[in-house]
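Examining the three-dimensional arrangement
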Amino acid sequence: MKVAIMQPYFFPYIGYFQLINAVDVFVVYDDVNYIKKGWINRNTILVNESSHLFSVPLQNMSQNKLINEIEISESNKWKIDFLKTINASYKKAPFYAGVYPVIEKIINFNQPNLALYIQYSIQQLCDYLKINTQFITSSEIIKNNELKGENKILDICVQLGATNYINAIGGKDLYDSAHFSEKNIKLQFIKSEKIEYKQFKNEFIPWLSIIDVLMFNSKSDVVRMLNQYDLL
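Report on the accompanying structure. All of these numbers come straight from a predicted model, not from anything done at the bench. Each chain has its residues counted from 1, following the order in which its sequence is written. Where local features are concerned, this predicted model is filtered to residues with pLDDT of at least 70; where side-chain atom pairs are given and counted, the filter is 80 or more; whole-chain, interface and lining totals use all residues. As a rule here, side-chain values come from all non-hydrogen atoms in the structure, and water together with hydrogens is ignored.

1. A closer look at the overall build of the protein chain
Helix and strand definitions follow DSSP, with helices as H or I runs of at least four residues and strands as E runs of at least two, each counted in order from the N terminus. Scanning the protein chain from terminus to terminus reveals eight helices and ten strands. Each radius of gyration is computed over the set of C-alpha atoms, and the globule rule expresses the reference value as 2.2 Å times the number of residues to the power 0.38. Taking 17 Å as the expected radius of gyration for a compact globule of 232 residues, we find that the protein chain reaches 18 Å, a close match to that expectation. Viewed in the frame of its principal axes, the protein chain has a C-alpha envelope of about 55 × 40 × 25 Å. Expressed as a percentage of the 232 residues in the protein chain, the buried residues total 52%. Counted as positive: Lys and Arg. Counted as negative: Asp and Glu. His and the chain ends are not counted at all. For charged residues, the charge sits on one atom: NZ in Lys, CZ in Arg, CG in Asp, CD in Glu. Placing the 24 positive and 23 negative side-chain charges of the protein chain at their respective mean positions leaves the two points 7 Å apart. To sort residues, take the accessible area from a 1.4 Å probe on protein chains only and compare it with the maximum for the residue type: under 20% means buried, over 50% means exposed, and anything in between is partly exposed.

2. Examining the layout of surface pockets
Within this scheme a cavity is a closed region of a 1 Å grid, computed over the protein atoms alone, that accommodates a 1.4 Å probe without allowing it to escape, whereas a pocket is open but has protein on both sides within 12 Å along at least five of seven lines; lining residues each have an atom within 4 Å of a point. Grid points are joined across faces, edges and corners, and a volume is the space filled by probe spheres set on the points. Roughly 670 Å³ of volume is contained in the largest pocket. Surrounding the largest pocket, 33 residues form its lining, Met6, Gln7, Asn167, Leu174 and Tyr175 being those nearest its centre. Of all the secondary-structure elements, those providing two or more residues to the lining of the largest pocket are strand 1 (2-6), helix 1 (14-21), helix 5 (149-160), strand 8 (164-168) and strand 9 (186-192). For the lining of the largest pocket, the class distribution of residues is 19 nonpolar, nine polar and five charged. Here the nonpolar group is Ala, Val, Leu, Ile, Met, Phe, Trp, Tyr, Cys and Pro; Asp, Glu, Lys and Arg are the charged ones; every other residue, Gly included, is treated as polar.

3. Description of helix 5
Residues spaced three or four apart along an α-helix point in a common direction, a consequence of the helix completing one turn every 3.6 residues. By this rule the span expected of a helix is its residue count minus one, scaled by 1.5 Å. Compared with an ideal rise of 1.5 Å per residue, which puts twelve residues at 16 Å, helix 5 spans 17 Å between its outermost C-alpha atoms and is within 8% of the ideal. Every buried residue belonging to helix 5 is among Glu150, Lys152, Ile153, Leu154, Asp155, Ile156 and Cys157, and all of these are buried. Only heavy atoms enter the contact rule, under which two residues are in contact if any of them lie within 4.5 Å. Of the surrounding elements, those touching the buried residues of helix 5 are strand 1, strand 2 (25-28), strand 8 and helix 6 (177-181).

4. Some points on the sheet that holds strand 7 (residues 134-137)
DSSP-based pairing: two strands are paired if at least 2 bridges between them are found. Taken in spatial order, the six strands line up as 7-2-1-8-9-10 in an open sheet, and their pairing is mixed. Each edge of the open sheet carries a strand with a single partner, namely strand 7 and strand 10 (229-231). Neighbour-to-neighbour, the strand axes of the sheet open up by a mean angle of 25°, direction not taken into account. By the bridge criterion, two bridges tie strand 1 to strand 8 in an arrangement that is parallel. Directly across from Val3, in strand 8, lies its bridge partner Tyr165. Under this scheme, a helix contributes an axis fitted over its contacting stretch, all axes are lines through C-alpha atoms, and angles between N-to-C directions fall in the 0 to 180 degree range. Sheet contacts for helix 1: strand 1, strand 2, strand 7, strand 8, strand 9 and strand 10; angle to strand 9, the most-contacted strand, approximately 145°. Contacts between helix 5 and the sheet are confined to strand 1, strand 2, strand 7 and strand 8, with strand 1 contributing the most and set at about 140° to the helix.

5. A short note on the pairing of strand 2
Residue alternation in strand 2 divides its side chains into two sets, Val25 and Val27 and Phe26 and Val28, and both sets are buried. Handedness of the crossover is the feature at issue here: the chain leaves strand 1, passes through helix 1, returns alongside strand 2, and the resulting connection is right-handed. The path from the first strand over the helix to the second decides the hand: if it runs clockwise while the strands point away from the viewer, the crossover is right-handed.

6. So, the packing of aromatic side chains
Geometry of aromatic contacts follows a simple scheme: Phe, Tyr and Trp rings, the Trp one being its six-membered ring, pair when their centres are within 6.5 Å, and the pair is stacked under 30 degrees between planes, edge-to-face over 60, tilted otherwise. Inspection of the entire model under this criterion finds 20 aromatic pairs. Their ring planes at 80° and their centres at 6.2 Å tell us that Phe10 and Phe54 sit as a pair that is edge-to-face. Of this pair, Phe10 sits in the loop between strand 1 and helix 1 while Phe54 sits in strand 4 (residues 50-55), and the two are 44 residues apart along the sequence. Overall, the relative accessible area of 0% leaves Phe10 in the buried class. Consider the rings of Tyr175 and Phe180, whose centres lie 6.0 Å apart with planes at 80°: the pair is edge-to-face. Relative accessible area serves as the criterion here: at 17%, Tyr175 is assigned to the buried category. Relative accessible area serves as the criterion here: at 0%, Phe180 is assigned to the buried category. An aromatic cluster of at least three residues, connected via ring pairs, comprises Phe10, Phe11, Phe54, Trp78, Phe82, Phe109, Tyr117 and Tyr120. In this analysis the charged atom, NZ for Lys or CZ for Arg, is taken to sit over a ring once it is within 6 Å of the ring centre and within 35 degrees of the ring normal. For Arg42, the ring lying beneath its charged end belongs to Trp39, and the centroid distance is 5.6 Å. Sitting over the face of the ring of Tyr128, Lys219 holds its NZ or CZ atom 4.2 Å from the ring centroid.

7. Observations concerning the pattern of salt bridges
For salt bridges, the criterion is a side-chain nitrogen of Lys or Arg within 4 Å of an Asp or Glu carboxyl oxygen. This model, assessed by the stated rule, comprises four salt bridges. A salt bridge links Asp81 to Lys77, with the shortest nitrogen-to-oxygen separation between them at 2.6 Å. Residue Asp81 and its partner Lys77 are both found in helix 2 (residues 77-90); the two are separated by four residues, about one turn of the helix. With a relative accessible area of 32%, Asp81 lands in the partly exposed category. A salt bridge links Asp221 to Arg224; the shortest N-O distance between them is 3.7 Å. Within this pair, Asp221 and its partner Arg224 are both found in helix 8 (residues 219-225), separated by three residues, close to a single helical turn. According to the relative accessible area criterion, Asp221 is partly exposed, its value standing at 30%. Residue classification places Arg224 among the partly exposed residues on the basis of a relative accessible area of 46%.

This is the structure we're talking about:
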């Protein structure tokens, strides 16, 4: 059984969905510390033909809290503003009509818990793209929560009966394949191939949020992109 474990990211880039699509079980890693100025509650979209950072506002944010202990701002103003930004930025994109309702449903989801809100968004997008990977939340797995880093990942894999653990290429220096082999688990890393498509008249800006990919590509083309990677 192929397993991946990743923190929940809000509207992440297509590589995140490639990882989900490459495994049988995707673990939403919600019981680790929130990282300020990371990619958990923010990403980039195309605004005025340039990269624009968006974020979900949080309340009582702290890096001493777990992701599943963080709550979203009580004000819904950010949702209204964000939808206006998406509408203004992508209304002339070729697949706007089909994609906007999906984005709108996700953004308007009434859930104050950050981890649950993001997990909902990811699963909705997976449903849209017909990705059938099973989702498990790490906080629901019986494991040794005293462990850290690689040891905690290994423990989760063992508890789930994983045969393969696939991680994003950015984590290649964090894990030792020998440690996984000791548990009869094959460690692999996913590396996205170059993905490029026509946006507006701007020079192509790569690795924006999945929102951008969906606005400029048909669903069948995005599904094809999900398989444009190498496993190392």
